[in-house]
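Each chain, letter by letter, is given below.
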2 protein chains.
Amino acid sequence: MLHSPVLEALGRRITGGALPAGATLTLDGIGTEFGVSRTVAREAMRLLEGLGLVRSGPRVGIVVLPHDAWNVLDPRVIEWRLAGPGRASQLRSLTELRQAVEPLAASCAARGATAAVRDELVATARRMRELGEAGKGDGEEFLALDIQLHELLLRSSGNELFSALADVVAVVISGRTHLGLMPAYPEPEALDAHEAVALAVARGDGAAAEEAMARIVREVRGALGEGTRS
Amino acid sequence: MLHSPVLEALGRRITGGALPAGATLTLDGIGTEFGVSRTVAREAMRLLEGLGLVRSGPRVGIVVLPHDAWNVLDPRVIEWRLAGPGRASQLRSLTELRQAVEPLAASCAARGATAAVRDELVATARRMRELGEAGKGDGEEFLALDIQLHELLLRSSGNELFSALADVVAVVISGRTHLGLMPAYPEPEALDAHEAVALAVARGDGAAAEEAMARIVREVRGALGEGTRS
DNA sequence: CCTCACCCATTGGTGACACCATTGTGACGT
DNA sequence: ACGTCACAATGGTGTCACCAATGGGTGAGG
């Protein structure tokens, strides 16, 4: 897979704004810049076209499209934008999406999760409380548990569209701690809410799970929304 | 653009289940079947790979991946699955996603929409009521208005991720009437709810907009959830 | 029966080529 | 001076023939 370098570089360059909408590229240009043949440049370009980042036509070359034509829900586009400038804005959009999706996903999981998943959820929440109360709320282990809990919920929702967001949510959560936005001692309410979700799902109480998850996401949103009012 | 036929055909075949997970293809096979060169077969295959439908490697050919590896949020995948068997299940998943996203989007739109959009929303809702009470709830014009209202809301939410779902929601809505699931005389509650959303957004009342939109989507879900209990 | 090395089918990547749509330019006429 | 039309340059689209790399099946050997 030799496109990776080309695709990655171009994708990041476009989503990062280094190549603004309306900028044009040529296959030969790409080929010579990356020291790669026309064919692989073409394939990378096709992928970019599939992501809605560019449009190509004879005589005009490869034109960068405005951001409202992008497939902003594609994991690759999300990752690129999360890595470039505008990371904060992207994080807010994603958190808003989480706010919409995760409560309902939790409610669905309360109806559809297997017994094994229910057990794992409460065990995870319990472990999170232990670590949090030990002042390790900003550590890798706490992060891994946090991700695991949310991923378990989304994947057990019985809705493949929610499951598809699990990776994205994982990236968002890890982004928050790696950006140093997590306190060593998490808010007790956050710990309570995580445990409440797990327990509600375990006993099949969809409404309670939904409400507790809504509390979690609201807290997350408040934590990173400070100062960046749109 | 010669990949379109190949990409479309293969995509539909895979998402439709005609090519089950584990099935293998070869570039030469694709080329001869569609009367196309290896290069374009390769590019079509790259696109499919980008959608998570297949994986390709030397000596192994192109293998179809299980459905949990698919980019189920990609508009093309959604369209293909909506056209094939499993349309009903896909429709339920999408409606669940709408249930999660649209209420929050309406709430955001109440804060962010322009004056022009607010006016257009109430005009659209009013026109829907007229048509609905005239017994044209299953017609093309009513459908167009319904789509317009939801699209305006999503696009005015100020969240690009919600905006990206506008096309999908449009397809879902149109799918419902084209499948003959819309009554000529819509439920009065549905008409009321649409108007309530428009008015709430117009006066900037996010909570009311959210609540009214939740009513709409709940009604939709009930309408197509009958009989297909999972 | 298990292990391991080898073979070869099939993708990955390259370069050269013909084709054609689009666009910009310039000539021509009014 | 301005509009129209035709032509040529540009750069993507599709094809072909070729070589390199890889990895799974196969068969020999323990």
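Note that this is a predicted model, so its numbers are computed, not measured.

(A) The arrangement of the overall build of chain A in detail. Of the regular secondary structure elements, chain A holds 11 helices and three strands. Ordered by position from N to C terminus, the α and β elements of chain A give α-β-α-α-β-β-α-α-α-α-α-α-α-α. With the C-alpha coordinates aligned to their principal axes, the bounding extent of chain A is approximately 65 × 35 × 30 Å. Within the span of chain A, comprising 230 residues, buried residues form 53% of the whole. When the accessible area of chain A is evaluated, it comes to approximately 10,200 Å², of which 54% is carbon and sulfur surface. Across chain A, 25 positive and 30 negative side-chain charges occur, with their mean positions spaced 6 Å apart.

(B) How the structure looks around the sheet that holds strand β3 (residues 61-64) of chain B. Residues and elements named next belong to chain B. Taken together, the three strands give an open sheet; going across it, the order is β1-β3-β2, and neighbouring strands pair in antiparallel fashion. Taken across any chain shown, the strands that pair with only one partner, and hence form the sheet edges, are β1 (24-25) and β2 (54-57). With four bridges joining them, β2 and β3 adopt antiparallel strand pairing. In the sheet register, S56 faces β3, and the bridge partner there is I62.

(C) Just the relation of the copies chain B and chain A, in detail. The two copies are related by a screw operation: chain B maps onto chain A through 180° of rotation and 0.0 Å of translation along the axis, at an RMSD of 0.1 Å. What the superposition gives is, in effect, a two-fold axis relating one chain to the other. Minimal C-alpha separation from the rotation axis in chain B is found for A100 of chain B, amounting to 2.6 Å. Take the interface residues of chain B: 100% of them recur as interface residues in chain A, which is what a same-surface contact looks like.

(D) How the structure looks around the interface of chain B and chain A. If you look at the interface, chain B gives 34 residues, while chain A gives 34 residues. Together chain B and chain A conceal approximately 3,100 Å² of surface at their shared face, both sides included; 59% is due to carbon and sulfur atoms. With a closest N to O distance of 3.1 Å, E43 of chain B and R46 of chain A form a salt bridge. Between chain B and chain A we count 14 residue pairs in polar contact (both at pLDDT 80 or more) in total. If you list the elements that add at least two residues to the side of chain B that touches chain A, you get α3 (38-50), α4 (75-83), α5 (87-112) and α8 (160-164) of chain B. Considering each element in turn, the side of chain B that touches chain A owes the most residues, 11 residues, to α5 of chain B. Of the residues contributing to the side of chain B that touches chain A, the split by class is 15 nonpolar, eight polar and 11 charged.

(E) Summary view of the domain arrangement of chain A. Annotation of chain A at the domain level lists domain 1 (3-69) and domain 2 (86-225). Between the C-alpha centres of domain 1 of chain A and domain 2 of chain A there is a distance of 36 Å.

(F) Representation of the environment of S107 of chain B within the structure. Residue and element names in this part refer to chain B. One can find S107 in helix α5. S107 sits in the buried class, given a relative accessible area of 12%. As a C-alpha pair, S107 and I14 span 93 residues in sequence and 38 Å in three-dimensional space. The contacts of S107, once residues within four sequence positions are left out, are G206, A209 and E210.

(G) Representation of the packing of helix α3 (residues 38-50) of chain A against α3 of chain B. At their nearest, the axes of α3 of chain A and α3 of chain B sit 10 Å apart, and the two run at 40° to each other. In terms of axis orientation, α3 of chain A runs oblique to α3 of chain B. α3 of chain B is crossed by α3 of chain A, and the crossing has right-handed handedness. In this structure, α3 of chain A uses T39, R42, E43, R46, L47 and G50 of chain A to contact α3 of chain B, whose residues at the interface are T39, R42, E43, R46, L47 and G50 of chain B. Within the contact of α3 of chain A with α3 of chain B, the residues separate by chemical class into two nonpolar, four polar and six charged.

(H) Broad picture of helix α9 (residues 166-178) of chain A. Residues and elements named next belong to chain A. With 13 residues, α9 extends 18 Å between its outermost C-alpha atoms, agreeing within 8% with the 18 Å of an ideal straight helix rising 1.5 Å per residue. Within α9, 10 of the 13 residues are buried, which leaves the element mostly enclosed by the surrounding structure. Within α9 the residues assigned to the buried category are A166, V168, V169, A170, V172, I173, S174, G175, R176 and T177. Taken from the residues just after α9, G180 is the one with a positive phi, measuring 75°.

(I) View of the packing of helix α5 (residues 87-112) of chain A against helix α7 (residues 140-155) of chain A. All names here are of chain A. Running from amino to carboxyl end, α5 crosses α7 at an angle of 65°, the nearest separation of the two axes being 8 Å. Viewed along their axes, α5 and α7 adopt a mutual orientation that is roughly perpendicular. Once α5 is placed against α7, the crossing between them reads as left-handed. Contact with α5, carried on its side by R98, V101, E102, A105, A106 and A109, involves H150, L153 and L154 of α7 and no other residues of that element. For the contact of α5 with α7, the residue count by class is six nonpolar, one polar and two charged.

(J) Region of the structure containing the side chain of H150 of chain A. Residue and element names in this part refer to chain A. Note that H150 resides in helix α7. Residue H150 is classed as buried on the basis of its relative accessible area, which comes to 1%. Polar contacts involving the side chain of H150 include one to the side chain of H194, which spans 3.3 Å.

(K) A look at the nonpolar core. Counting 154 residues, the largest nonpolar core has V101 of chain A together with V101 and V201 of chain B as the members making the most contacts within it. If we skip the residues at most four places from it in the chain, V101 of chain A touches L154, F162 and L165 of chain A together with L97, A100 and V101 of chain B.

(L) Up close: the pattern of salt bridges. Evaluation of the coordinates by the stated rule reveals 40 salt bridges over all chains. Taken together, the shared-partner salt bridges in this structure form one network comprising R42, R46 and E49 of chain A together with E43 of chain B.

Conventions used here
Residues numbered from 1 in each chain as written. Chains lettered and ligands numbered in written order. Predicted model: local features only at pLDDT ≥ 70, side-chain atom pairs only at ≥ 80, totals over all residues. Heavy atoms only, no water. Helix = DSSP H or I, 4+ residues; strand = E, 2+ residues; numbered from the N terminus. Buried < 20%, exposed > 50% of the residue type's maximum accessible area, 1.4 Å probe, protein only. Areas by Shrake-Rupley, 256 points an atom, 1.4 Å probe, with all protein chains shown as cover. Lys, Arg positive; Asp, Glu negative; His and termini not counted. Charge placed at Lys NZ, Arg CZ, Asp CG, Glu CD. Pairing = 2+ DSSP bridges. Least-squares fit on C-alpha atoms with pLDDT ≥ 70 in both. Contact = heavy atoms within 4.5 Å. Buried area = accessible area lost by both parts, 1.4 Å probe. Salt bridge = Lys/Arg side-chain N within 4 Å of Asp/Glu carboxyl O. Polar contact = N/O pair within 3.5 Å; in protein donor to acceptor, adjacent residues only side chain to side chain. Nonpolar A, V, L, I, M, F, W, Y, C, P; charged D, E, K, R; others polar. Domains from an automatic or database assignment. Axes fitted to C-alpha atoms, helices over the stretch in contact; angles between N-to-C directions. Parallel < 35°, antiparallel > 145°, perpendicular 65-115°, else oblique. Left-handed = near helix turned anticlockwise from the far one by under 90°. Expected span 1.5 Å × (residues − 1). Core = buried A, V, L, I, M, F, W, Y, C linked by side-chain atoms within 4.5 Å.

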